[in-house]
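# Chain and residue survey
In case you want the letters, here they are:
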Amino acid sequence: MTVTAHRWNSAADYDVLARRIQFRNAELVAGLHPRPAEPRSVYEIGCGTGALTEALVHRLPSARIDAVDVSADMLAVAAEKDWPDRVRFTQGAFPDVAADQRYDAVFSNAALHWMHPRYPDVFATMNALLADGGLVCAATAGRTAATDRFAEQSQAALTRLTGLSEPDPFEARRLTVAQAGELARGAGFEVEDSFVLERTTVVPAEVRARWWVASGGPWTAAQASVQDAVGALRSVLGDGEVELVHASVFLRLRKETHA
C-alpha cells in the first residue's frame, strides 16, 4: 500500500490561512532539538509550503536540509520563497522513500497524520533514516476531548450540507500522546519528550470555510470550484463566528545508539 497525494484544493490559500497556527507550531518543532548548532544533515517530512523549513533555516545554522513533500502544488509555493543553498526540495511520498545517507535529525510538522493508516511504517522509516543517537522532532494531529467535540460539530455541518452521516475520515488520523508514544517505542525510539498543545479560538465563518476547503475538507461532487465549496460551507456555518479547535502532539524521539 502506498501513500497517495492528498488533495490540497488551494496551496496558496493554505499558505496564508495556515500561517498563524503552522508557523507557531513550526517554531516549536524546530525548538525541540536541544543542541541546534550540532546537526549537519536534516531530513524534513512533509515540508508543504515551507513553514517548518523556514524555522529550521534560522534555528539550525549549520544544517543541510533535505525537505520532501508529496504535493507538487505545495512545493511550487515553497520554491517561490528565498532559500539558502543548503536547502533542497524534493517531491516524494513518505514513507516510500529511499535515502543514501543517514541524518542527524528528522523533523516534521503537520504531515505525519496524512500517512494514516501506515503509522508503524512511518515511525520505522524515520528510525531507519537516522544515524545512531539521532533525533526525531515532530508534531502531528492530536486527539483530545476538545477535538472530539469539534469533530461532532463539524460532522453536523457536513451532514446538513451533504445529507451523509459518515464520520470525517480525518478523525481516525489523530493520535493521543499515549498512542504516539506506543508507536515510537515500537519502532525502537526512546521517547525523550511528548506533549499535546491545544488551541481553541473563534474565527469568522468565512475563515473556517476557507481553511476547511484548502486543507482538503469534504465537498460535494456537484461543486466545481474552491469558491463553490467555500460558499456551500458558509451556507451551513452561517455569517457569524464559529469555534475552531486545533490540537497537535509534539514528540522528541531518540534513536538508540548501538555499540
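Figured I'd write up the structure that's included with this text.

Criteria and cut-off values
Residues numbered from 1 in each chain as written. Predicted model: local features only at pLDDT ≥ 70, side-chain atom pairs only at ≥ 80, totals over all residues. Heavy atoms only, no water. Helix = DSSP H or I, 4+ residues; strand = E, 2+ residues; numbered from the N terminus. Contact = heavy atoms within 4.5 Å. Pairing = 2+ DSSP bridges. Axes fitted to C-alpha atoms, helices over the stretch in contact; angles between N-to-C directions. Salt bridge = Lys/Arg side-chain N within 4 Å of Asp/Glu carboxyl O. Buried < 20%, exposed > 50% of the residue type's maximum accessible area, 1.4 Å probe, protein only.

### Concerning the environment of Phe 170
Relative to the assigned elements, Phe 170 resides in the loop between α6 (145–162) and α7 (177–186). Put simply, Phe 170 and Trp 114 are 56 residues apart on the chain and 8.5 Å apart in space, counted from C-alpha to C-alpha. Apart from residues lying up to four places away in sequence, Phe 170 is in contact with His 113, Trp 114 and Ala 141.

### Details of the sheet that holds strand β4 (residues 103–109)
Whether parallel or antiparallel, the strands of a sheet pair through hydrogen bonds between backbone atoms. Ordered by their spatial adjacency, 7 strands build an open sheet running β3-β2-β1-β4-β5-β7-β6, and the pairing between neighbours is mixed. The open sheet has two edge strands with one neighbour each: β3 (87–91) and β6 (189–204). Going from strand to strand, the sheet's axes swing by 15° on average, the running direction of each strand aside. The pairing of strand β1 (residues 41–45) with strand β2 (residues 64–69) spans 5 bridges and is parallel. In the sheet register, Glu 44 faces β2, and the bridge partner there is Ala 67.

### Section: the pattern of salt bridges
According to the stated counting rule, one finds 8 salt bridges in the structure shown. Its salt-bridge partner being Arg 35, residue Glu 38 comes within 3.2 Å of it at the nearest N-O pair. Connected through salt bridges with shared partners, the residues Asp 96, Arg 118 and Asp 121 form a single ionic network.

### What about the pairing of strand β7 (residues 241–255)?
For β7, the tally of buried residues reaches 13 of 15 residues, placing the bulk of the element in the interior. Inspection of the sheet shows strand β5 (residues 130–141) paired to β7 by 7 bridges, in the antiparallel sense. Each residue of the ladder has a partner; that of Ala 139, found in β7, is Phe 250. In terms of strand pairing, β6 meets β7 through 15 bridges, oriented antiparallel. Its bridge partner being in β7, Val 191 is matched across the sheet by Leu 253.

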